[in-house]
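Each chain, written out:
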Amino acid sequence: MGYSTIIEDNIDVLVCGAGLGGTGAAFEARYWGQDKKIVIAEKANIDRSGAVAQGLYAINCYMGTRWGENKPEDHVRYARIDLMGMVREDLLFDMARHVDSAVHQFEEWGLPLMRNPKTGAYQREGRWQIMIHGESYKPIVAEAAKKSADKVYNRVCITHLLMDESKENRIGGAVGFNVRTGNYHVFKSKTVIVGAGGASNIFKPRSVGEGAGRVWYAPWSSGSAYALLIEAGAKMTQMENRIVLARFKDGYGPVGAYFLHLKTYTQNGMGEEYESKWFPSLQEMVGKEYLDPEASHRTHRPIPTCLRNHAFISEVNAGRGPIHMVTMEAFQDPHLEEVGWENFLGMTVGQAVLWAATDVDPKHQNPELTTSEPYVMGSHATGCGAWCSGPEDVSPEEYFWGYNRMMTVEGLFGAGDAVGGTPHAFSSGSFTEGRLAAKAACKYIDDGKAEGITVSDKQIQQRKEEIYKPLETYRVYRNEITAGSVNPNYINPRQGLDRLQKLMDEYCGGVTVNYMTNENLLKIGLKKLAILEEDLENIAAENIHELMRAWELKHRHRTSECVMQHTLFRKETRWPGYYYRGDALKLDDENWHVLTVSRRDPKTGEYTLEKAPCYHLVSEDEEK
Amino acid sequence: MPTFVYMTRCDGCGHCVDICPSDIMHIDTVTRRAYNIEPNMCWECYSCVKACPHHAIDVRGYADFAPLGHSVRVIREEEKGTIAWRIKFRDGTEKNFLSPITTKPWGQGIPQLADQAAPSKEMRDSQLLFNEPKYIRLDDGDIHTLESNGLKMKAGVYY
Ligand SMILES: Cc1cc2nc3c(=O)[nH]c(=O)nc-3n(C[C@H](O)[C@H](O)[C@H](O)COP(=O)(O)OP(=O)(O)OC[C@H]3O[C@@H](n4cnc5c(N)ncnc54)[C@H](O)[C@@H]3O)c2cc1C
Ligand code: SF4
Ligand code: SF4
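Criteria and thresholds
- Residues numbered from 1 in each chain as written.
- Chains lettered and ligands numbered in written order.
- Predicted model: local features only at pLDDT ≥ 70, side-chain atom pairs only at ≥ 80, totals over all residues.
- Heavy atoms only, no water.
- Helix = DSSP H or I, 4+ residues; strand = E, 2+ residues; numbered from the N terminus.
- Contact = heavy atoms within 4.5 Å.
- Buried area = accessible area lost by both parts, 1.4 Å probe.
- Salt bridge = Lys/Arg side-chain N within 4 Å of Asp/Glu carboxyl O.
- Core = buried A, V, L, I, M, F, W, Y, C linked by side-chain atoms within 4.5 Å.
- Buried < 20%, exposed > 50% of the residue type's maximum accessible area, 1.4 Å probe, protein only.
- Near = heavy atom within 4 Å.
- Nonpolar A, V, L, I, M, F, W, Y, C, P; charged D, E, K, R; others polar.
- Axes fitted to C-alpha atoms, helices over the stretch in contact; angles between N-to-C directions.
- Parallel < 35°, antiparallel > 145°, perpendicular 65-115°, else oblique.
- Left-handed = near helix turned anticlockwise from the far one by under 90°.
- Polar contact = N/O pair within 3.5 Å; in protein donor to acceptor, adjacent residues only side chain to side chain.

The subject of this paragraph is unusual backbone geometry. Of note, the amide linkage connecting A:Gly321 to A:Pro322 takes the cis form, showing an omega dihedral of -10°. Mapped onto the fold, A:Pro322 is located in the loop between helix H9 (305–317) and strand E12 (324–326). The amide bond that connects B:Glu132 to the next residue, B:Pro133, takes the cis arrangement and shows omega of 5°. The phi torsion at B:Tyr46 lies on the positive side, around 70°, for a residue other than glycine. Relative to the helices and strands, B:Tyr46 is located in the loop between strand E3 (34–36) and helix H2 (47–51).

Here it is, written out as structure tokens:
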């Protein structure tokens, strides 16, 4: 196959995936490394890539210390209770103390932030969210990244990280291919910051057929941020902690502004409030410490997202669906009606299309809600990702090994969905994490930690063969059959994706089984994943576009395997409403108030899992 | 809601191909015009619709749950800094919306960090990022630390 090999050498900071995390990293790296070579490798076009491609109507993480609104530790406590205790509080505190400085810069760059006409402060949607006209959020942050980077390689899908051969467990760059030209790209770099985003389409989506792209997280979020790290032998954390979202039915339009700003609320099919009646039994499952509606009411402590899902799911299972969002009251106010619609147009246009198609005008009709299939990601109300070092002035010994946001592989950093234990970072927090990782990466180089990296031609050649194998498989076996896509020698990426989604759904707690799994199911699931992996060796790609889909599938598969391993390891139901371990239906703080950490041995493919202590941020007067 | 392209409006310029995050807008080799090669991987993100200079791309709601007879059209203008939407319902109802997309001439508010004064060693050894501490609170306050906020990291069960 006549594809050229294009080598970009002597890179200091390579950013793999420039969404919100990656653009933050590329931007900031220039300040700390003014003479350093900064390169971006991005699967799409950074002007419209990642989860923020169509824009956002809110920045969901902003402290407002400037207006005396919140302190960083307030946000840490919020994320802690929302995630039922399981967060990395050093990383969260660090993100929260810096995040406002990112947001203030966005405003200076031209991002329209709404202001409260009375106070002059940013218009709050909720305690942590501020409202923006964010259709161009992504192109604006992309401009900043472009100003800082020496080179941006758009349309290069990164498939593997390169490892240093002179020192064990040290990074040496990354490789991938251009999804248009087919060329093989080699990036030799002293450090790599992975910002390749979370994973959609791992569990079978509710949408079918033509609508299968209608997922909550973007269909191009292929779990690369996880697979690249897992394959490099980096430790991962909290990978069992997938998220399920309550959203407008079919369109998956966001509900945040509806609840918080428009003050709409939910009711069951009979028009009744349903949530509170599920709380007593739920309290028995999780304990009063995690669910105490009275205390929540008094102190404005939120009811964790997963527990609210649990009430939703239980009510529907009890036969009293559908759950409706009561919009008819709020939408009588023309201003609120406008906010309601613009909210979709600014971040989930498809919901507007759907309401137009079905003649649902929320002013006259309360729209239906649904709970989504699970997603694996680390910056929304969930914290999947890599086990990273925290900052030296906050992190306890177990959480600190030299450089902020560095993983357990030397020179490998992460931001956004890639970093584990940091839920509720959202767009602004992901960007901030990118900045933190970039500063630390420059320091790592300046400290002389990246000297003498060797990446042999053999390693580069080996990866090349691996990458193009699906094209070869297609070429060799295609003409054995007359026509069509059914071939005894291979499967294509769509067939493989369907199989992955079906087995994750059925064995790991997807929608068709009401988010339920157990040890037996997970063990079967792992076996099926192993066999699927063998078949993925025989995946066929008809063209370069399909080759990209083949690698996305391989990344999704590796991510799924790690999710399955973690779900098997944590023998409790920590997040009812996200998933249930039917064989351990209770939250078990005695044994499981810990973070789960895994490592896959790159040589043998074996996983080891361990428990890591969960440190909490405690004020002096709380100390017992 | 997957995209489709009107034959008479598309001139094959490729802007949509260049921008689609899902890599599914491709130019057909026979007609030399763009089309969506994989509708079930379309997020109806409208990136291509906004990018098309000839408004040749439109969206028809997913066949499996969206009835025919609706439209959501958009015009995004960087020079004006606005985006305009027109929603048409199946029953003919129409709604229009106009929002700002930027407050500055495009791209000009962003600093070139290569030209900034280089950070001092003290700054490098601190926890501060570019423009900090000033940009955290826009006053003279310093960055928050465990000490300044009277906090400790403790292992164990706290709620
Ligand atoms: C529907 C929706 C609504 C949201 N609403 C809000 C909101 O209102 N407010 C808010 O603050 N946040 C919101 N978020 C969350 C926010 O978008 C994410 O937290 C944030 O984008 C995560 O940043 P990231 O850099 O980790 O991933 P992303 O921004 O997704 O970036 C990942 C990047 O990696 C690239 N990539 C992937 N694989 C590869 C590969 N193999 N090689 C090279 N490049 C690759 C992708 O193309 C992409 O550019 C929302 C997200 C969604 C999906
Ligand atoms: S709407 Fe988005 S995903 Fe669909 S074709 Fe256009 S750019 Fe691609
Ligand atoms: S941007 Fe518009 S005119 Fe250009 S190729 Fe795409 S559909 Fe055709």
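Text resumes after the structure shown.
This part is about the interface of chain A and chain B. Taken together, the contact pairs 110 residues of chain A with 92 residues of chain B. Carbon and sulfur atoms make up 59% of the area that chain A and chain B hide from each other, which totals about 9,300 Å². Of all residues in chain A, the largest losses of buried area upon contact with chain B belong to A:Tyr31, A:Lys147 and A:Glu210, amounting jointly to 8% of the total for that side. Salt-bridge contacts for B:Lys50 lead to A:Glu135; the nearest nitrogen and oxygen are separated by 2.7 Å.

Our focus in this paragraph is the nonpolar core. All names here are of chain A. Grouped together as the largest cluster of nonpolar side chains are 227 residues, with contacts concentrated most on Tyr 137, Leu 161, Leu 229 and Leu 412. With near-sequence residues (within four places) excluded, Leu 229 lies in contact with Leu 161, Val 194, Ala 234, Met 236, Ala 386, Met 407, Leu 412 and Ala 418. If you look at the next biggest cluster of nonpolar residues, it comprises 17 residues, including Cys 157, Leu 162, Ala 541 and Leu 547.

Residue and element names in this part refer to chain A. Counted by the stated rule, this structure contains 63 salt bridges over all chains. A salt bridge links Glu 240 to Arg 570; the shortest N-O distance between them is 2.7 Å. With a gap of 330 residues between them, Glu 240 in the loop between strand E9 (236–237) and strand E10 (246–248) and Arg 570 in the loop between helix H16 (544–569) and strand E17 (580–581) connect regions that are remote in the sequence. Under the relative-accessibility criterion, Glu 240 is labelled buried at 0%. Notably, a salt bridge pairs Glu 337 with Lys 363, separated by 3.6 Å at the nearest N-O pair. One end of the pair, Glu 337, is in helix H10 (residues 334–345); the other, Lys 363, is in the loop between helix H11 (349–357) and strand E13 (369–371), with 26 residues separating them in the sequence.

With that settled, consider the environment of A:Glu506. Residue and element names in this part refer to chain A. The residue Glu 506 is located in helix H14 (residues 493–508) in this model. Taking the relative accessible area as the measure of exposure, Glu 506 reaches 27% and is therefore partly exposed. For the pair Glu 506 and Ala 53, spaced 453 residues apart in sequence, the C-alpha separation works out to 31 Å. Look past the residues within four positions of Glu 506 in its chain and what remains in contact with it is Thr 512, Val 513 and Leu 521.

We now examine the site of ligand 3. With respect to spatial proximity, 13 residues lie near ligand 3, and among them B:Cys10, B:Cys13, B:Gly14, B:Cys16 and B:Cys52 are the closest. Its residues placed into classes, the shell around ligand 3 shows 8 nonpolar, 4 polar and 1 charged.

What follows covers the packing of H14(A) against helix H15 (residues 519–536) of chain A. Residue and element names in this part refer to chain A. At a minimum axis separation of 9 Å, H14 and H15 run at an interaxial angle of 170°. Considered as vectors, H14 and H15 are oriented roughly antiparallel to each other. Relative to H15, H14 is oriented so that their crossing is left-handed. Between H14, through Arg 499, Leu 500, Leu 503, Met 504, Glu 506, Tyr 507 and Cys 508, and H15, the contact on the second element is made entirely by Leu 521, Leu 522, Ile 524, Gly 525, Lys 528, Leu 529, Ile 531, Leu 532 and Asp 535. Tallied by class, the residues present in the contact of H14 with H15 amount to 11 nonpolar, 1 polar and 4 charged.

Now for the side chain of A:His104. Within the secondary structure, A:His104 sits in helix H3 (residues 89–109). A relative accessible area of 4% places A:His104 in the buried class. Side chain to side chain, A:His104 and A:Tyr62 meet in a polar contact 2.8 Å long. If near-sequence neighbours (up to four positions away) are discounted, A:His104 is found in contact with A:Tyr62, A:Arg66, A:Tyr122, B:Tyr135, B:Ile136 and B:Leu138.

Keep in mind that these numbers describe shape and distance, not what the molecule does.
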